[in-house]
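Here are the chains, one letter per residue:
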Amino acid sequence: MTIDFQYLSPGLTPELNALTLDELCQHYKTHYSNFVLDENIGSYYFKRFAEDVNLAKHSEAIACFMHVTKSLHLMDPFNVSVGNVMLQLAYSPLLKMRLKILSHMSPGNNFLQSITRLISAGSIDNARTKILRELSVNPGNVFLGVVLYELDVEHGISSHDWLPSFAPHKELRLPWQQRVAYLAAKGGRVEEALTHFQSLPEESRTNELLLNAIASCSLLQNDTSTAHTLLETSLKLAPSQLPIQYCKDELDNPFSVDPNSLDGRNIVVAIYSYNKADLLETTLKSLSESDLGMARCVVLLNGCTDHSLQVVEEAKARFTTTELETIIMPVNIGAPAARNYLVNYALSDNQTELVAFLDDDVTIESNWLAALVTAIDEDPQIGAVGCKVTNPDSTLQYLFRDVSIARPGIFRLSLGRPMLASDNGLYNVRRDVDSVMGCCHLIRRECLEKVPEFDIRFSPSQLDDVAFHLDLRLLDYKVRYVGQVTCCHNRSTGFGGQSRAAYGNSLGNDVKFYYRFEESLPSLREWQEKRNQYVL
């Protein structure tokens, strides 16, 4: 037997390094189609394109490299490496002058490393004092100003003791204002971002990524009219921004939850749990406080040895409009098998129309079920719907994923979210995708009959929900992401924080996942290429 599977170490760098330039372009276009580009992700693509010895011979790669370079320059006009590439791609006397000024301002790696060490040690005040002291010697140094401002934003410190009097070189004033406005918006300082943006000359508001960031501030203030205008202007500057187009379209045609969507509907809400009693208690409290209509709720205790059964029994009193049922398994049969057991339980009632799955470590909004039912009713071809998933600190944990690379040896899905992003309103949209997160999703009965199993090869957990969604897509059903519904996921089962044994299981699931869809790789690749043919 030929072993085709190509093992890739976790992380974006090994993934990008394993790709040909053709595949790298598709990978970049997939990410750009899904999310607004950020500095962190952009830097990975920039480095990978720049280091490829065949870049100059590949017209599509050159176009992608020019695009990511321009985007990074718009986000950070003080990135000298990016600026020098921009100068080569499109000569500008003004940019040349700015780069010359910047060349005399670098604080040096030793200084930056000392600041990083202080921050890592928790000595935020000492780090700040050191930067301010350096600024007193080198006033107007934009590198120091950015480091200090980012430190203030990240740690919730007011910048009023230095920012109003900060005076960069006259040729750097405009990019400084743009940079601070962008960083304020990115860091959630809404009022500050709007103030900085409004201080910009009208003719200089031609940075689509800054416009998107300021639009997100307007969305957070529920100022949809201003947000719409900003997004519209952004799209005129860069029409290929698909995530921004989705956001603008949503403002034109807002999603509205049907208040009668649960009337007369036979729905089962299913939860399985393994030894997470305290988190399960929070989930059941959240579920009991939500609008469930006449939905039946069932909890499968998957070989629990903690006090989970007591938690469920005590929670039953809070379910006043519907029942909370319990299934007790004597051993832990794993997530896929638990889901299958719950599917069989739900479908044993011939009247069951829809099955909603919730993880045992989530908190949900009061109208979550009505919203998901409203969304799935929009189109009979929608087989499953899922929602936006956040961390407890309101940063984005997971939105959706699409097929990114599908070819013999490698099958990878796209990133599930922008990196280190806050929930800024830009992803409160509806769109058809390849997979949503399984911690809160709703599935049609007919889909559970046509794809009757979550694949137990992915036990104890991970990827069984992704595989199920791809199975639906291969049967020509749609999987829809509904960003107007938010679920807070209190614990992730990804690579972070795993034991080495659990980590090994995750790696094993990657191998299984590849061979599970090996015969479907041509179809999956076709989806990706069709989606990306008009990107950029």
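The coordinates are above.
What you see is a predicted model, and the numbers here were worked out from it, not measured in a lab.

Caption draft 1: Region of interest: the packing of helix α4 (residues 59–75) against helix α5 (residues 80–89). Where α4 meets α5, the closest approach of the two axes is 9 Å, and the angle between their N-to-C directions is 125 degrees. Classified by the angle between their axes, α4 and α5 sit oblique to one another. When the axes of α4 and α5 are compared, the crossing they make is left-handed. Residue-level inspection shows F65, M66, T69, K70, L72 and H73 of α4 in contact with α5, the latter providing V82, G83, V85, M86 and L89. Counted by class, the contact of α4 with α5 contains 7 nonpolar, 3 polar and 1 charged residues.

Caption draft 2: Just empty space enclosed by the protein, in detail. Inspection of the entire model under this criterion finds 3 cavities of 30 Å³ or more. At the level of elements, α10 (173–186) and α12 (208–220) are the ones that each hand at least two residues to the lining of the largest cavity. Its residues assigned to classes, the lining of the largest cavity comprises 15 nonpolar, 5 polar and 2 charged. Of the voids in this model, the second largest cavity is the one considered here, and its volume is about 110 Å³. Y32, H67, E208, L209 and Q241 are, among the 13 residues lining the second largest cavity, the residues nearest its centre. No other element matches α12, which puts 3 residues into the lining of the second largest cavity. Grouping the constituent residues of the lining of the second largest cavity by class yields 8 nonpolar, 4 polar and 1 charged.

Caption draft 3: Structural detail: the layout of surface pockets. Approximately 1200 Å³ is the volume found for the second largest pocket. Along the wall of the second largest pocket there are 33 residues; nearest its centre are E39, E150, R179, L183 and K186. Sorting the residues of the lining of the second largest pocket by element identifies α3 (39–51), α5, α7 (109–120), α9 (142–154) and α10 as the ones contributing at least two each. Examining the composition of the lining of the second largest pocket, we find that 9 residues originate from one element, α9, more than from any other. A breakdown of the residues in the lining of the second largest pocket according to their chemical character gives 18 nonpolar, 9 polar and 6 charged.

Caption draft 4: Representation of the pairing of strand β3 (residues 324–329) within the structure. Two elements, strand β2 (residues 296–302) and β3, share 6 bridges in a ladder whose sense is parallel. If you follow L300 over to β3, its bridge partner there is I327. Handedness of the β2-helix α16 (residues 308–315)-β3 crossover: right-handed.

Caption draft 5: Fine view of the pattern of salt bridges. Within the structure shown, the criterion is met by 37 salt bridges. One salt bridge in this structure joins D455 and R516, with 2.6 Å as the shortest N-O distance. With D455 in the loop between α19 (445–450) and α20 (464–474) and R516 in helix α21 (residues 500–516), this residue pair connects regions lying 61 residues apart in the sequence. We note a salt bridge from R516 to D471, for which the minimum N-O separation is 2.6 Å. In this pair, R516 sits in helix α21 while D471 sits in helix α20, placing the two residues 45 residues apart along the sequence. Residue class for R516 comes out partly exposed when judged on its relative accessible area of 22%. Members of the salt-bridge network, linked through shared partners, are E39, D76, E150, R179 and K186.

Caption draft 6: Here's a closer look at the nonpolar core. With 91 residues, the main nonpolar core has F49 and W176 as its most contacted residues. Once you skip the residues sitting within four places of it in the chain, W176 turns out to touch F78, V142, G145, V146, W162, L163, F166 and P168. Among the nonpolar cores identified, the runner-up in size contains 44 residues, and V373, V385, V389 and M437 belong to it.

Reading the values: the criteria
- Residues numbered from 1 in each chain as written.
- Predicted model: local features only at pLDDT ≥ 70, side-chain atom pairs only at ≥ 80, totals over all residues.
- Heavy atoms only, no water.
- Axes fitted to C-alpha atoms, helices over the stretch in contact; angles between N-to-C directions.
- Helix = DSSP H or I, 4+ residues; strand = E, 2+ residues; numbered from the N terminus.
- Parallel < 35°, antiparallel > 145°, perpendicular 65-115°, else oblique.
- Left-handed = near helix turned anticlockwise from the far one by under 90°.
- Contact = heavy atoms within 4.5 Å.
- Nonpolar A, V, L, I, M, F, W, Y, C, P; charged D, E, K, R; others polar.
- 1 Å grid on protein atoms, 1.4 Å probe; cavity = no way out; pocket = protein on both sides within 12 Å on 5 of 7 lines; lining within 4 Å.
- Points joined across faces, edges and corners; volume = space filled by probe spheres on them.
- Pairing = 2+ DSSP bridges.
- Right-handed = clockwise from strand over helix to strand, strands pointing away.
- Salt bridge = Lys/Arg side-chain N within 4 Å of Asp/Glu carboxyl O.
- Buried < 20%, exposed > 50% of the residue type's maximum accessible area, 1.4 Å probe, protein only.
- Core = buried A, V, L, I, M, F, W, Y, C linked by side-chain atoms within 4.5 Å.

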